[in-house]
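Listed below are the residues making up each chain.
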Amino acid sequence: MLFFSYFKEIVGREVVVELKNDLAIRGTLRSVDQYLNIKLENTRVVDQDKYPHMMSVRNCFIRGSVVRYVQLPPDGVDIELLHDATRREARGG
């Protein structure tokens, strides 16, 4: 639940989601659930030459089980928020 609570805090920020099939999608995080399923808006493919058929996709839902990485902008990482979430998780609440 640590990652779920953290991702809820960054809704509305731009992220890059890399999938297990090597497709990387940049977009605005709109929602995330407890399974880390992700909804992105205003999406664009990072490598448009490799995936030209994905250029028309503007909104997408990504199943959590196919996500390899979620990249955050450097200024989007709040270390104190992560520390607090880690402490809450360790305490069980």
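Relevant structure appears above.
Scope of this entry: the structure provided in the associated data block. (Residues numbered from 1 in each chain as written. Predicted model: local features only at pLDDT ≥ 70, side-chain atom pairs only at ≥ 80, totals over all residues. Heavy atoms only, no water.)

One open sheet holds the 5 strands; their spatial order is β4-β3-β2-β1-β5, and the pairing between them is antiparallel. Two strands in the sheet have a free side with no partner beyond their single neighbour: β4 (59-62) and β5 (67-71). For this sheet the average axis-to-axis angle between neighbouring strands, irrespective of direction, equals 40°. By the bridge criterion, 5 bridges tie strand β1 (residues 14-19) to strand β2 (residues 24-32) in an arrangement that is antiparallel. Along β2, the bridge assignment pairs Glu18 with Ala24. (Pairing = 2+ DSSP bridges. Helix = DSSP H or I, 4+ residues; strand = E, 2+ residues; numbered from the N terminus. Axes fitted to C-alpha atoms, helices over the stretch in contact; angles between N-to-C directions.)

Turning next to helix α2 (residues 79-91). End to end, α2 covers 18 Å across 13 residues, agreeing with the expected 18 Å (1.5 Å per residue, within 8%). Within two residues after α2, Gly92 carries a phi angle of roughly 90°, on the positive side. (Expected span 1.5 Å × (residues − 1).)

Function cannot be inferred from these measures alone, as they are strictly geometric.
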